[in-house]
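One letter stands for each residue in the lines below.
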Amino acid sequence: MPVPSPDFKKALKRLSEPEKEALLLRAVRRDAELYETFRFELLADVTIGQIQEETADRIHELFNVAVSGRLLNRSLVKAVRASVQEAARARRITKNKQLEIDLLVYILRQCIDNYSGQFDSVYDGFYNATARLAARVPALVLKSLHEDLWVEYKSEFDDILRELHSRKKSHHLKFELPRSFEIPH
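Residues numbered from 1 in each chain as written. Predicted model: local features only at pLDDT ≥ 70, side-chain atom pairs only at ≥ 80, totals over all residues. Heavy atoms only, no water.

> Break down unusual backbone geometry for me, citing the residues and quoting the values.
Positive phi is not limited to glycine here, since K95 has a value of about 60°. Along the chain, the position of K95 falls in the loop between α5 (72-94) and α6 (97-115). On the accessibility criterion, K95 (61% relative accessible area) is exposed. (Helix = DSSP H or I, 4+ residues; strand = E, 2+ residues; numbered from the N terminus. Buried < 20%, exposed > 50% of the residue type's maximum accessible area, 1.4 Å probe, protein only.)

In structure tokens, the structure reads:
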């Protein structure tokens, strides 16, 4: 991301209010994420809860589109990847890491509650993608959130990890999938 030069800042200050408004409107029409960011920062009625709900709806839609695919396992892997990108986008818009973690947990719940039958498929892409996400999110909780919040996620992650370890494929993973969410003392 380029850093605005002093000349650019001076030129921006010389613009009149209508010119600044036109420039800003042109910029947000071209970039949906910029629009969402400004919408969140400028409008009082747009809350983190509303952004979370909108993003959860988009994630739900991504999984619904995946179900209609001919190659379900591959489509589900794409849905997981796109959903993780949606969660990251929500974090960039709101600057709230807990929102991203809550959305990642929502993605894991979608995978386990609705598509766990695909874990036993001969194709292991979807299981691997879900397991990688399940291995990554607890570390993200420990790194990004205050230690008082860690306990809130423990039972959820323990349940997710237990479900993933109950499958035969857990022994063939090429990375370490923890058995439980370990909270440091």
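Picking up where we left off.
> Got a sec to walk through a nonpolar patch on the surface? Specific residues and values, please.
Where nonpolar side chains cluster on the molecular surface, the patch consists of F8, L12 and L23 and spans about 260 Å² of accessible area. Relative to the helices and strands, F8 is located in helix α1 (residues 6-14). The class of F8 is partly exposed, set by a relative accessible area of 47%. (Patch = residues over 30% accessible without salt bridge, like charges linked within 9 Å, V, L, I, M, F, W, Y side chains within 5 Å. Areas by Shrake-Rupley, 256 points an atom, 1.4 Å probe, with all protein chains shown as cover. Salt bridge = Lys/Arg side-chain N within 4 Å of Asp/Glu carboxyl O.)

> Which residues make up the environment of E182, and what values go with them?
With respect to the helices, strands and loops of the structure, E182 is situated in the segment after α8 (147-165). On the accessibility criterion, E182 (55% relative accessible area) is exposed. Along the sequence, E182 and W150 sit 32 residues apart, while their C-alpha atoms lie 9.6 Å from each other.

> Let's hear about the packing of helix α3 (residues 32-42) against α5: which residues, and what values?
Across the interface, α3 lies against α5 with an axial gap of 8 Å and an inter-helix angle of 45°. Looking at the two axes, α3 sits oblique to α5. In this structure, α3 crosses over α5, and the sense of that crossing is right-handed. For the pair α3 and α5, contact is made by A32, E33, E36, T37 and F40 and by R89, R92, I93 and T94, respectively. Of the residues assigned to the contact of α3 with α5, the class counts are 3 nonpolar, 2 polar and 4 charged. (Axes fitted to C-alpha atoms, helices over the stretch in contact; angles between N-to-C directions. Parallel < 35°, antiparallel > 145°, perpendicular 65-115°, else oblique. Left-handed = near helix turned anticlockwise from the far one by under 90°. Contact = heavy atoms within 4.5 Å. Nonpolar A, V, L, I, M, F, W, Y, C, P; charged D, E, K, R; others polar.)

> So what about the pattern of salt bridges? Which residues, and what values?
Counting across every chain of the model gives 12 salt bridges. Two residues, D113 and R109, come together in a salt bridge whose shortest N-O distance is 3.0 Å. Here R109 and D113 lie together in helix α6, a separation of 4 residues that amounts to about one turn. Given the relative accessible area of 51%, D113 is considered exposed. Note that R109 and D159 form a salt bridge whose closest N and O atoms lie 2.5 Å from each other. Here D159 lies in helix α8 and R109 lies in helix α6, a separation of 50 residues in the sequence. Residues participating in the shared-partner salt-bridge network are R109, D113, E156, D159 and R162.

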